[in-house]
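This is what each chain is made of:
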Amino acid sequence: LDMDMVEESFDHSVFSKNRQRLLEHDVAGDFFRAVVKQARSSKLMSNDHFTVDGTLIEALASAKSFKKKGDDGGPPDDPGNPTVNFRGEKRSNETHESTTDPDARLARKSDGREAKLSYAAHALMENRNGLIVDLQLDVADGRSERRNAIAMLEGNVARGATLGADKGYDTRGFVAECRAIGVTPHVAQHINRWGGTSIDARTSRHPGYVVSQRIRKR
């Protein structure tokens, strides 16, 4: 920026405005896609075998902001750190929302873990070098993993490719969608789930399925 060490810096509002511009124009996405294009042109990415996975990104919203929809609860006793009593109150995304980040959803990474206001992040990896091909961010509604996986596949993967994934993707709908676009779903079998797994021996008996299950953990 051609500034010296003692020169007065920008006002904080300038950073906030520029941050919004970066988001609106998807500057980070442009950089990411340019790196992917460079990796493809250098033949560092395979076109045959991929892995998809998702995770939760904690939102910058406190649990105290998760309130019943349409109920402002009146003025807080302490605007900086209000007292909130959740005892006996059943809270869900259908009846409650964050007053500071309405797009955040209450979600947990696994059974027994604490539920937090979060977003869902999704990555598509090519298996040869473990490079990320695509990234998506979505609401954590419990269905975003499979929804975003299909969207990333359609934009990056050719027919005949394989896709490794954990057992959270083992649903009849997702497996059918993969096959409809010509992708073989090497999804981990959720054998103990009600209704059984959607992956049968026609897929799991092949050596490639075992390889996909090993590499997906990268």
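Residues numbered from 1 in each chain as written. Predicted model: local features only at pLDDT ≥ 70, side-chain atom pairs only at ≥ 80, totals over all residues. Heavy atoms only, no water.

(A) Summary view of the overall build of the chain. Regarding its fold elements, the chain presents six helices and eight strands. Counted from the first residue to the last, the chain has its helices and strands arranged as α-α-β-β-β-β-β-β-α-β-α-β-α-α. A compact globule built from 218 residues would reach a C-alpha radius of gyration of about 17 Å, whereas the chain, at 22 Å, exceeds it by more than 25%. For the chain, the C-alpha atoms occupy an extent of roughly 65 × 60 × 25 Å along the three principal directions. A total of 218 residues make up the chain; the buried ones form 29% of that total. (Helix = DSSP H or I, 4+ residues; strand = E, 2+ residues; numbered from the N terminus. Rg over C-alpha atoms; globule rule 2.2 N^0.38 Å. Buried < 20%, exposed > 50% of the residue type's maximum accessible area, 1.4 Å probe, protein only.)

(B) Highlighting the pattern of salt bridges. By the definition in use, this model includes seven salt bridges. Via salt bridges that share partners, Asp 138, Asp 141, Arg 143 and Arg 147 belong to a single interconnected network. (Salt bridge = Lys/Arg side-chain N within 4 Å of Asp/Glu carboxyl O.)

(C) Seen up close, the environment of Ile 191. Looking at the secondary structure, you find Ile 191 in the loop between β8 (184-187) and α5 (201-204). Through-space distance from the C-alpha of Ile 191 to that of Asp 170 is 9.3 Å; in sequence the pair is 21 residues apart.

(D) Examining the environment of Asp 103 more closely. Locating Asp 103 in the fold gives a position in the loop between β3 (96-98) and β4 (105-107). For the pair formed by Asp 103 and Gly 70, sequence separation is 33 residues and the distance between their alpha carbons is 15 Å. Setting aside residues up to four positions removed in sequence, Asp 103 forms contacts with Tyr 119 and Val 139. (Contact = heavy atoms within 4.5 Å.)

(E) Spotlight on helix α1 (residues 12-24). For α1, spanning 13 residues, the distance from its first C-alpha to its last is 19 Å, which sits close to the expected 18 Å at 1.5 Å a residue. Where α1 terminates, the next one or two residues include Asp 26, which has phi positive at roughly 55°. (Expected span 1.5 Å × (residues − 1).)

(F) Main features of the pairing of strand β1 (residues 49-58). Bridging between β1 and strand β7 (residues 162-165) involves three bridges; their strand directions are parallel. In the sheet register, His 49 faces β7, and the bridge partner there is Thr 162. Sheet topology places β1 next to strand β5 (residues 116-126); nine bridges connect them, and they run antiparallel. Across the sheet, Asp 53 pairs through a bridge with Ala 123, a residue of β5. (Pairing = 2+ DSSP bridges.)

(G) Representation of the packing of aromatic side chains in the model. Following the criterion strictly, the structure yields one aromatic pair and no others. Here the aromatic rings of Tyr 169 and Phe 174 are separated by 5.4 Å at their centres, their planes lie at 55°, and the arrangement is tilted. Taking the relative accessible area as the measure of exposure, Tyr 169 reaches 0% and is therefore buried. Judged by relative accessible area, which is 2%, Phe 174 ranks as buried. (Phe/Tyr/Trp six-rings, centres within 6.5 Å; stacked < 30°, edge-to-face > 60°.)

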